[in-house]
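# Coordinate inspection notes
What follows is the residue order along each chain.
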Amino acid sequence: MTDSQTDPRQRDEPLTLVVMGVSGVGKSSVAAELVAATGWVFAEGDEFHTQANRDKMAAGHPLDDDDRWPWLRALAEWIGEWEAAGRGAVVTCSALKRAYRDLLCDGHPSVRFVHLTASDELIAERIGARKDHYMPPSLLESQLRTLEPLGADEPGVAVDTSGDQAAVARSALEALDLDVPEQTHAATTTAPTPPPRPTGDR
Ligand SMILES: Nc1ncnc2c1ncn2[C@@H]1O[C@H](COP(=O)(O)OP(=O)(O)OP(=O)(O)O)[C@@H](O)[C@H]1O
Ligand SMILES: [Mg+2]
């Protein structure tokens, strides 16, 4: 660790890492590595979707913004609850548009986006190799069209995901000026009492 880097578990102010990017780029995989490295609380952004949104996506239809605002507000609420509790957190969320990210950041200074990037070909390959999580190719195309990459004026970092998942997580932590001593990886993950979790009827 260099002098400028801070062990995330020693920070006075909690951070919330929003792991973002198109479907299949590796958000869940890299988020798991980030949680193992930091011991922070974790949520899958998809868990905050309404049942109507889940059904729509399962039928292969992209969500529109009217579908997304309640989902993003529920996520922002979760971020705010852990921020107020003083706990670091990691959450996956595609957060493809700037307006979605602005909503998540609003009033939440702890938020840092980790924008995962890869070539379109690599993402399609990863989706194709995934056995347990079917996704029609049309949904990826729609996501790639919608994506507004993380801007230089937004809080966070963009990280290329062509390396393995642990290396990607390490690169993200380094880019955020965070570092975790190697020997303590995965040793500090705790199971805190979470604030109210999303339910299927939100
Ligand atoms: N860095 C990586 N190297 C190799 N394979 C990876 C990497 N990251 C993810 N994968 C694999 O690619 C596939 C997609 O990853 P993952 O499910 O984490 O993506 P996701 O962004 O969470 O997708 P979704 O938005 O659909 O939930 C998985 O099979 C995963 O094992
Ligand atoms: Mg995922």
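This write-up is about the structure you can find in this document. No experiment lies behind these values; they were computed from the predicted model shown. (Residues numbered from 1 in each chain as written. Chains lettered and ligands numbered in written order. Predicted model: local features only at pLDDT ≥ 70, side-chain atom pairs only at ≥ 80, totals over all residues.)

## Structural notes on the sheet that holds strand β5 (residues 156-160)
Rules: A strand pair is defined by DSSP finding two or more bridges across the two strands. Numbering of helices and strands starts at the N terminus; helices are DSSP runs of H or I of at least 4 residues and strands are runs of E of at least 2. Axis definition: a line fitted to C-alpha atoms, over the contacting stretch in the case of helices. Angles run 0 to 180 degrees between N-to-C directions.
Strands sit in the order β2-β3-β1-β4-β5 across an open sheet of five strands; the sheet is parallel. One side of each edge strand has no neighbouring strand; the edge strands of this open sheet are β2 (41-44) and β5. The sheet shows a mean angle of 20 degrees between the axes of neighbouring strands, direction not considered. Where strand β1 (residues 16-20) meets strand β4 (residues 111-117), five bridges bridge the pair, whose relative direction is parallel. By the bridge assignment for β4, Val18 is matched with Phe113.

## Re the nonpolar core
For the record, the criterion: Each nonpolar core comprises buried Ala, Val, Leu, Ile, Met, Phe, Trp, Tyr and Cys residues, the members being joined through C-beta atoms within 7 Å. Residues with at least 20 other C-beta atoms within 10 Å of their own are called buried, those with 12 or fewer are called exposed, and the rest are partly exposed. The C-beta atoms themselves are positioned from the backbone. Contact criterion: two residues are in contact if their C-beta atoms, reconstructed from the backbone, are within 7 Å.
Val18, Val19, Leu34, Leu75, Val90, Leu104 and Val114 are the most contacted members of the largest nonpolar core, which has 46 residues in total. When contributions to this core are tallied by element, the ones reaching two or more residues are β1, α1 (27-38), β2, α3 (65-85), β3 (89-92), α4 (98-105), β4 and α7 (165-175). The element that contributes the greatest number of residues to this core is α3, accounting for six residues. Apart from residues lying up to four places away in sequence, Val90 is in contact with Leu17, Val19, Ala31, Leu34, Val35, Trp40 and Phe42.

## Details of the site of ligand 1
What counts is decided by this rule: Working rule for contacts: place C-beta from the backbone, and if it is within 6 Å of a molecule or strand, that residue counts as near it. In this count, Pro and Cys sit with the nonpolar residues alongside Ala, Val, Leu, Ile, Met, Phe, Trp and Tyr, while Asp, Glu, Lys and Arg are called charged and the others, Gly among them, polar.
Neighbouring residues of ligand 1: 17 residues in total, closest Gly26, Lys27, Ser28, Ser29 and Arg126. Residue assignment for the shell around ligand 1 shows that the elements contributing at least two residues are α1, α5 (120-129) and α7. When residues of the shell around ligand 1 are assigned to their parent elements, the largest contribution, three residues, is made by α1. Tallied by class, the residues present in the shell around ligand 1 amount to four nonpolar, nine polar and four charged.

## A word on the pairing of β4
Burial runs high along β4: five of the seven residues are buried. One ladder, built from five bridges, connects β4 with β5; its direction is parallel. Paired with His115 across the bridge in β5 is Ala158.

## Considering the packing of α1 against α7
Helix packing geometry: the angle between the two helix axes and the distance between the axes. For the record, the criterion: By convention the crossing between two helices is left-handed if the near helix lies anticlockwise of the far one by an angle smaller than a right angle, and right-handed if it lies clockwise.
Relative to each other, α1 and α7 sit at 65 degrees, their axes nearing to 8 Å. Taken as a pair, α1 and α7 cross one another with a handedness that is right-handed. Contact residues: Ser29, Val30, Glu33, Leu34 and Ala37 in α1; Gln165, Ala166, Val168, Ala169, Ala172 and Leu173 in α7.

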